[in-house]
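One-letter residues, chain by chain:
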Amino acid sequence: MGIDFLDIVFRLEKEFSIKLPRAALFWTDAEMRLRRRERPPLTAGLLHRQLVEFLSRNRLDVPADSWERVRKCLSAALGVKEDEIRPDSRLIEDLGAT
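Residues numbered from 1 in each chain as written. Predicted model: local features only at pLDDT ≥ 70, side-chain atom pairs only at ≥ 80, totals over all residues. Heavy atoms only, no water.

## With respect to the overall build of the protein
In step 1: Each helix and strand counted, the protein has 4 helices and 0 strands in total.
In step 2: For the protein, the α and β elements follow one another from N to C terminus as α-α-α-α.
In step 3: Out of the 98 residues in the protein, the part that is buried amounts to 44%.
In step 4: Excluding contacts between residues fewer than 6 apart, the proportion of contacts in the protein whose partners are at least 24 apart in sequence is 52%.
In step 5: In the form shown here, the protein has an accessible surface area of approximately 6,100 Å², with 50% of it arising from carbon and sulfur atoms. (Helix = DSSP H or I, 4+ residues; strand = E, 2+ residues; numbered from the N terminus. Buried < 20%, exposed > 50% of the residue type's maximum accessible area, 1.4 Å probe, protein only. Contact = heavy atoms within 4.5 Å. Areas by Shrake-Rupley, 256 points an atom, 1.4 Å probe, with all protein chains shown as cover.)

## Here's the deal with the packing of helix α3 (residues 44-57) against helix α4 (residues 66-78)
In step 1: At a minimum axis separation of 10 Å, α3 and α4 run at an interaxial angle of 125°. The orientation of α3 with respect to α4, classified from their angle, is oblique. Considering the relative orientation of α3 and α4, their crossing is right-handed. Facing A44, G45, L47, H48, L51 and V52 of α3, the residues of α4 in contact are S66, W67, V70 and L74.
In step 2: Looking at the contact of α3 with α4 residue by residue, the classes come out as 7 nonpolar, 3 polar and no charged. (Axes fitted to C-alpha atoms, helices over the stretch in contact; angles between N-to-C directions. Parallel < 35°, antiparallel > 145°, perpendicular 65-115°, else oblique. Left-handed = near helix turned anticlockwise from the far one by under 90°. Nonpolar A, V, L, I, M, F, W, Y, C, P; charged D, E, K, R; others polar.)

## Points about the nonpolar core
Within soluble globular proteins, side chains that are nonpolar tend to cluster in buried spots.
In step 1: Counting residues in hydrophobic clusters, the biggest one holds 25 residues, and the most contacted among them are I8, L12, L51, L74, L78 and L91.
In step 2: Elements with a contribution of two residues or more to this core: α1 (3-16), α3 and α4. (Core = buried A, V, L, I, M, F, W, Y, C linked by side-chain atoms within 4.5 Å.)

## Re a negative patch on the surface
In step 1: Together, E68, E82, D83 and E84 make up a negatively charged patch on the protein surface.
In step 2: With respect to the helices, strands and loops of the structure, E68 is situated in helix α4.
In step 3: For E68, a relative accessible area of 42% corresponds to the partly exposed category. (Patch = residues over 30% accessible without salt bridge, like charges linked within 9 Å, V, L, I, M, F, W, Y side chains within 5 Å. Salt bridge = Lys/Arg side-chain N within 4 Å of Asp/Glu carboxyl O. Lys, Arg positive; Asp, Glu negative; His and termini not counted. Charge placed at Lys NZ, Arg CZ, Asp CG, Glu CD.)

## Structural notes on the packing of aromatic side chains
In step 1: Under the criterion given, the structure shown has 0 aromatic pairs.
In step 2: In this structure, R69 is placed above the aromatic ring of F16, and the distance from its NZ or CZ to the ring centre is 4.6 Å. (Phe/Tyr/Trp six-rings, centres within 6.5 Å; stacked < 30°, edge-to-face > 60°. Lys NZ or Arg CZ within 6 Å of the ring centre and 35° of its normal.)

## A closer look at the environment of R69
In step 1: With respect to the element layout, R69 can be found in helix α4.
In step 2: R69 sits 53 residues away from F16 along the chain, and the two C-alpha atoms are 8.4 Å apart.

## Some remarks on the pattern of salt bridges
In step 1: In the structure shown here, the tally under the stated rule is 7 salt bridges.
In step 2: Here R11 makes a salt bridge to D7, at a shortest N to O gap of 3.0 Å. Here R11 pairs with D7, and both are found in helix α1, just 4 residues apart, close to one helical turn.
In step 3: With a relative accessible area of 24%, D7 lands in the partly exposed category.
In step 4: Measuring nitrogen to oxygen at the nearest pair gives 3.0 Å for the salt bridge that ties R69 to E15. Note that R69 is positioned in helix α4 and E15 in helix α1, a separation of 54 residues in sequence. For the pair formed by R69 and E15, the shared burial category is buried.
In step 5: Among the charged side chains, a network of salt bridges with common partners joins E15, D65, R69 and K72.

Structure representation (C-alpha coordinates):
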(Lines give C-alpha, C1' and ligand atoms only; values in the text may rest on other atoms or scores of the structure.)
Protein backbone atom coordinates (compact mmCIF):
# COMPACT_ATOMS: atom_id res chain seq x y z
CA MET A 1 0.00 0.00 0.00
CA GLY A 2 1.51 3.31 -1.08
CA ILE A 3 1.55 6.66 0.67
CA ASP A 4 -1.55 7.86 -1.20
CA PHE A 5 -3.51 4.84 -0.01
CA LEU A 6 -2.45 5.44 3.58
CA ASP A 7 -3.49 9.09 3.24
CA ILE A 8 -6.89 7.99 1.89
CA VAL A 9 -7.38 5.58 4.80
CA PHE A 10 -6.44 8.26 7.37
CA ARG A 11 -8.83 10.74 5.76
CA LEU A 12 -11.67 8.18 5.70
CA GLU A 13 -11.04 7.34 9.35
CA LYS A 14 -11.26 11.00 10.29
CA GLU A 15 -14.26 11.72 8.05
CA PHE A 16 -16.28 8.77 9.35
CA SER A 17 -14.88 8.77 12.92
CA ILE A 18 -13.78 5.15 12.69
CA LYS A 19 -10.63 3.03 12.86
CA LEU A 20 -10.08 0.89 9.77
CA PRO A 21 -7.94 -2.21 9.59
CA ARG A 22 -5.72 -1.60 6.56
CA ALA A 23 -7.03 -4.69 4.78
CA ALA A 24 -10.65 -3.57 5.14
CA LEU A 25 -10.62 -1.40 2.03
CA PHE A 26 -7.93 -2.64 -0.30
CA TRP A 27 -7.56 -6.08 -1.82
CA THR A 28 -4.38 -7.83 -0.80
CA ASP A 29 -2.33 -9.72 -3.36
CA ALA A 30 -3.05 -13.01 -1.59
CA GLU A 31 -6.81 -12.38 -1.75
CA MET A 32 -6.59 -11.60 -5.45
CA ARG A 33 -4.65 -14.74 -6.23
CA LEU A 34 -7.31 -16.76 -4.44
CA ARG A 35 -10.20 -14.93 -6.10
CA ARG A 36 -9.17 -14.38 -9.73
CA ARG A 37 -5.46 -14.87 -10.06
CA GLU A 38 -5.30 -11.24 -11.12
CA ARG A 39 -5.71 -7.92 -9.41
CA PRO A 40 -8.76 -5.98 -10.59
CA PRO A 41 -8.45 -2.22 -10.68
CA LEU A 42 -9.48 -0.54 -7.46
CA THR A 43 -12.19 1.97 -8.29
CA ALA A 44 -13.70 4.77 -6.25
CA GLY A 45 -17.00 2.89 -6.31
CA LEU A 46 -15.39 -0.31 -5.01
CA LEU A 47 -13.68 1.66 -2.25
CA HIS A 48 -17.04 3.17 -1.28
CA ARG A 49 -18.76 -0.23 -1.39
CA GLN A 50 -16.10 -1.79 0.84
CA LEU A 51 -16.39 1.10 3.30
CA VAL A 52 -20.19 0.70 3.43
CA GLU A 53 -19.78 -3.06 3.97
CA PHE A 54 -17.29 -2.40 6.78
CA LEU A 55 -19.67 0.05 8.47
CA SER A 56 -22.60 -2.35 8.10
CA ARG A 57 -20.62 -5.37 9.35
CA ASN A 58 -19.65 -3.41 12.43
CA ARG A 59 -23.21 -2.17 13.00
CA LEU A 60 -22.23 1.43 12.38
CA ASP A 61 -24.47 3.96 10.67
CA VAL A 62 -23.95 4.42 6.95
CA PRO A 63 -24.45 8.15 6.33
CA ALA A 64 -26.75 9.05 3.45
CA ASP A 65 -23.95 11.22 2.04
CA SER A 66 -21.29 8.51 2.31
CA TRP A 67 -20.43 8.62 -1.42
CA GLU A 68 -19.95 12.39 -1.33
CA ARG A 69 -17.74 12.04 1.75
CA VAL A 70 -15.60 9.36 0.08
CA ARG A 71 -15.23 11.61 -2.98
CA LYS A 72 -14.17 14.48 -0.67
CA CYS A 73 -11.47 12.29 0.91
CA LEU A 74 -10.20 11.06 -2.46
CA SER A 75 -10.14 14.60 -3.83
CA ALA A 76 -8.12 15.91 -0.89
CA ALA A 77 -5.67 13.00 -0.89
CA LEU A 78 -5.09 12.87 -4.64
CA GLY A 79 -5.50 16.51 -5.67
CA VAL A 80 -8.33 15.72 -8.07
CA LYS A 81 -11.54 17.73 -8.35
CA GLU A 82 -14.49 15.99 -6.67
CA ASP A 83 -16.63 16.22 -9.81
CA GLU A 84 -13.98 14.22 -11.70
CA ILE A 85 -14.37 11.26 -9.34
CA ARG A 86 -16.98 8.75 -10.50
CA PRO A 87 -17.74 5.26 -9.19
CA ASP A 88 -15.82 3.74 -12.12
CA SER A 89 -12.75 5.98 -11.67
CA ARG A 90 -9.72 3.76 -11.10
CA LEU A 91 -7.65 5.07 -8.21
CA ILE A 92 -4.26 4.41 -9.79
CA GLU A 93 -4.87 4.64 -13.53
CA ASP A 94 -7.42 7.50 -13.59
CA LEU A 95 -6.85 9.44 -10.37
CA GLY A 96 -3.07 9.06 -10.10
CA ALA A 97 -2.83 7.30 -6.73
CA THR A 98 0.57 5.86 -5.93
